[in-house]
Amino acid sequence: MKIGRLAVSLVLLWLMATPLWALQGHLRALGSYQDASPASQQPSQWNSVGQWRLAESFSPSSSLTLELAATATGWYRQHPTPYDEATANQRLDLTHAANDSHQTLYLTNIDRLNLKWSHGDHLISVGRQAIGFGRIVLNSPLDIIAPFAPSALITDVRPGIDALRWNFNPTAASQLQAVQVWGDNSTNNSSVISFEALLDGGDLLFLTGWLGSRPVLGLGLAGQIAGVGVKLEATSYGGKSEQDAEDVHDEFTIAAIELDARLVDDIYLTVDYLFNGCGSPDAEDIPDLLSSAFYQEQRAYLTGRHYLLAAVSAQLHPLLTLELFTINNLDDQSLLVRPGLTASLSDNLSMDVHYAFFSGSSPHNASPTSEFGGQGDLATVYISYYF
């Protein structure tokens, strides 16, 4: 849209004219290599990414705040793959892609462009902003609008959505929130009301409304039992049906329980059981699921029905942390195992190294027989500098 391109230009000019000392953001360099997989006819693939993000908050008065952020990304792909422009939660196209069909891709994206107004216990924000729900860390059923994939490595910047949000604090320990999201078309508009309260026994979160034309109802509880953190979340949906893409299920529920605890010294463990009602226990259904509306809108990423997820971290040194993350599809017994190492190189500079192993039965006659089978191992290293 022309207005979107104009907004990209204006935001970039604003940020470039802002003194460096007033800006926040990061510089990031990422490289990855995935082994070839003859079973799935997947060639080996080199990727390298350089990214520069600038952000600023400007307050013309004590009650008004303008938030701006832009990201410039250069991406080299050994084998060019189409850039996925998922815009289910964005009305304006504020991304510019160049050389999409070549090995080198250049992206410019405006991921924050919103105005906030506060008065007493009320806060209203309109424009492109970050909104998230839920307490579960590994895969939250209540994080319904723009969730991260559970296997995502970099989650420090939540995707921006085009929305109007009203927050009201009835008491010091409770919050009422109403959100209207404008999607890329009217069928992807969303309206959600949530209520959060801090109770004697823990936290309560309730939400209801419409998510991309689907009725939705969610409930979450979080607390502690004998020093172990316990979180319970469940969200139920009515299916979406339209000519272009529809949900596989007429009704479905996504639910999870998460336990987290400090084991010994600096070793932390988090374990989830996930019931993924939008998926299927049969791997042969994976192509239909991935082409359905719920997955095309990037509301979900896992295609099975029952999962066990776990993450353990051990601080070997104040500047060095060892990590292990796993996803086990209990239906087809396929597995993702990803050890990693995070090193703090200075106050604002860090390096992360990960290696992902995939296990499971390989595709047969080009048809999947498991979720993670037939994929080549994936090595990733990235360096981030924050300012």
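Everything discussed here concerns the structure shown above.
Here the structure is a predicted model, which means the values were calculated and not measured.

1. Some words on the overall build of the protein chain
Right, so step 1: Summing up its helical and strand segments, the protein chain has 3 helices and 19 strands in all.
Right, so step 2: Computed over the C-alpha atoms, the radius of gyration of the protein chain is 21 Å, within 12% of the 21 Å expected from 2.2 N^0.38 for a compact globule of 387 residues.
Right, so step 3: For the C-alpha atoms alone, the extent of the protein chain along its principal axes is close to 60 × 55 × 50 Å.
Right, so step 4: Going through the 387 residues of the protein chain one by one, you find that 39% of them count as buried.
Right, so step 5: Considering only contacts within the protein chain whose residues lie at least 6 apart along the sequence, 54% involve residues at least 24 apart.
Right, so step 6: Total accessible area computed for the protein chain in this model is approximately 19500 Å², and 60% of it derives from carbon and sulfur atoms.
Right, so step 7: Averaging the coordinates of the 19 positive side-chain charges in the protein chain and doing the same for the 40 negative ones gives two points 8 Å apart.

2. Regarding the side chain of Ser 334
Right, so step 1: With respect to the element layout, Ser 334 can be found in strand 17 (residues 334–344).
Right, so step 2: Of note is the side chain of Ser 334, whose polar atom sits 2.6 Å from the side chain of Asp 332.

3. Brief notes about the packing of aromatic side chains
Right, so step 1: Overall, the coordinates contain 8 aromatic pairs when judged by the stated rule.
Right, so step 2: Taking 4.7 Å as the distance between ring centres and 45° as the angle between the ring planes, the aromatic pair formed by Tyr 33 and Trp 46 counts as tilted. Placement of Tyr 33 in strand 1 (residues 24–34) and of Trp 46 in strand 2 (residues 45–58) is noted, with a sequence separation of 13 residues between them.
Right, so step 3: Among the residues examined, Tyr 33 registers a relative accessible area of 26% and is labelled partly exposed.

4. Topic: the pattern of salt bridges
Right, so step 1: All chains considered together, the criterion is met by 13 salt bridges.
Right, so step 2: A salt bridge links Glu 196 to Arg 135; the shortest N-O distance between them is 2.5 Å. Of this pair, Glu 196 sits in strand 9 (residues 190–199) while Arg 135 sits in the loop between strand 6 (122–129) and strand 7 (161–168), and the two are 61 residues apart along the sequence.
Right, so step 3: Classification of Glu 196 as buried rests on a relative accessible area of 18%.
Right, so step 4: Between Asp 260 and Lys 231 there is a salt bridge, and its shortest N-O distance comes to 2.8 Å. You can see Asp 260 sitting in strand 13 (residues 251–262) and its partner Lys 231 sitting in strand 12 (residues 228–238), a full 29 residues away along the chain.
Right, so step 5: For Lys 231, a relative accessible area of 15% translates into the label buried.
Right, so step 6: Residues participating in the shared-partner salt-bridge network are Arg 214, Lys 240, Asp 247, Glu 297 and Arg 299.

5. Overview of unusual backbone geometry
Right, so step 1: Even without glycine at this site, Ala 226 takes up a positive phi of about 50°.
Right, so step 2: Among the residues examined, Ala 226 registers a relative accessible area of 81% and is labelled exposed.
Right, so step 3: Backbone geometry places Asn 365, a non-glycine residue, at a positive phi of 55°.
Right, so step 4: For Asn 365, the location among the structural elements is in the loop between strand 18 (349–359) and strand 19 (378–386).

6. What to know about the side chain of Asn 276
Right, so step 1: Secondary-structure assignment places Asn 276 in strand 14 (residues 267–276).
Right, so step 2: The class of Asn 276 is buried, set by a relative accessible area of 3%.
Right, so step 3: Side-chain polar atoms of Asn 276 contact the backbone oxygen of Gly 304, separated by 2.9 Å.

7. Quick word on the nonpolar core
Right, so step 1: The biggest cluster of nonpolar side chains holds 37 residues, and the ones touching the most others in it are Phe 133, Ile 144, Ile 145, Tyr 237, Phe 294 and Ile 327.
Right, so step 2: Looking at this core, the elements with two or more residues in it are strand 7, strand 8 (174–181), strand 10 (202–211), strand 13, helix 3 (293–296), strand 15 (306–317), strand 16 (320–329) and strand 18.
Right, so step 3: Membership of the second largest hydrophobic core comes to 8 residues, among which are Leu 15, Leu 23, Ala 70 and Leu 94.

8. A short note on a nonpolar patch on the surface
Right, so step 1: On the surface, Leu 221, Leu 232, Ile 257, Leu 259, Tyr 273, Leu 308 and Leu 330 cluster together into a nonpolar patch covering about 540 Å² of accessible area.
Right, so step 2: In this fold, Ile 257 is placed in strand 13.
Right, so step 3: With a relative accessible area of 34%, Ile 257 lands in the partly exposed category.

9. Topic: the environment of Gln 177
Right, so step 1: With respect to the secondary-structure elements, Gln 177 resides in strand 8.
Right, so step 2: Its relative accessible area of 5% is what places Gln 177 among the buried residues.
Right, so step 3: Sequence separation between Gln 177 and Asn 188 is 11 residues; the distance between their C-alpha atoms is 20 Å.
Right, so step 4: Setting aside residues up to four positions removed in sequence, Gln 177 forms contacts with Phe 133, Arg 165, Trp 166, Asn 167, Val 192, Ile 193, Ser 194 and Glu 196.
Right, so step 5: Polar contacts involving the side chain of Gln 177 include one to the side chain of Arg 165, which spans 3.5 Å.

10. A word on the environment of Leu 263
Right, so step 1: Tracing the sequence through the fold places Leu 263 in the loop between strand 13 and strand 14.
Right, so step 2: The exposure class assigned to Leu 263 is partly exposed, which follows from its relative accessible area of 48%.
Right, so step 3: Residues Leu 263 and Val 228, 35 residues apart in the sequence, show an inter-C-alpha distance of 9.8 Å.

11. Looking at the pairing of strand 6
Right, so step 1: The pairing of strand 5 (residues 104–119) with strand 6 spans 7 bridges and is antiparallel. Note that in strand 6 the partner of Leu 115 across the bridge is Val 126.
Right, so step 2: The hairpin formed by strand 5 and strand 6 contains 2 residues between the paired strands, and Gly 120 there has a positive phi angle of roughly 60°.
Right, so step 3: The sheet contact formed by strand 6 and strand 7 spans 8 bridges and is antiparallel. Residue pairing across strands places Gly 127 opposite Ala 163, the latter belonging to strand 7.

Thresholds applied
- Residues numbered from 1 in each chain as written.
- Predicted model: local features only at pLDDT ≥ 70, side-chain atom pairs only at ≥ 80, totals over all residues.
- Heavy atoms only, no water.
- Helix = DSSP H or I, 4+ residues; strand = E, 2+ residues; numbered from the N terminus.
- Rg over C-alpha atoms; globule rule 2.2 N^0.38 Å.
- Buried < 20%, exposed > 50% of the residue type's maximum accessible area, 1.4 Å probe, protein only.
- Contact = heavy atoms within 4.5 Å.
- Areas by Shrake-Rupley, 256 points an atom, 1.4 Å probe, with all protein chains shown as cover.
- Lys, Arg positive; Asp, Glu negative; His and termini not counted.
- Charge placed at Lys NZ, Arg CZ, Asp CG, Glu CD.
- Polar contact = N/O pair within 3.5 Å; in protein donor to acceptor, adjacent residues only side chain to side chain.
- Phe/Tyr/Trp six-rings, centres within 6.5 Å; stacked < 30°, edge-to-face > 60°.
- Salt bridge = Lys/Arg side-chain N within 4 Å of Asp/Glu carboxyl O.
- Core = buried A, V, L, I, M, F, W, Y, C linked by side-chain atoms within 4.5 Å.
- Patch = residues over 30% accessible without salt bridge, like charges linked within 9 Å, V, L, I, M, F, W, Y side chains within 5 Å.
- Pairing = 2+ DSSP bridges.

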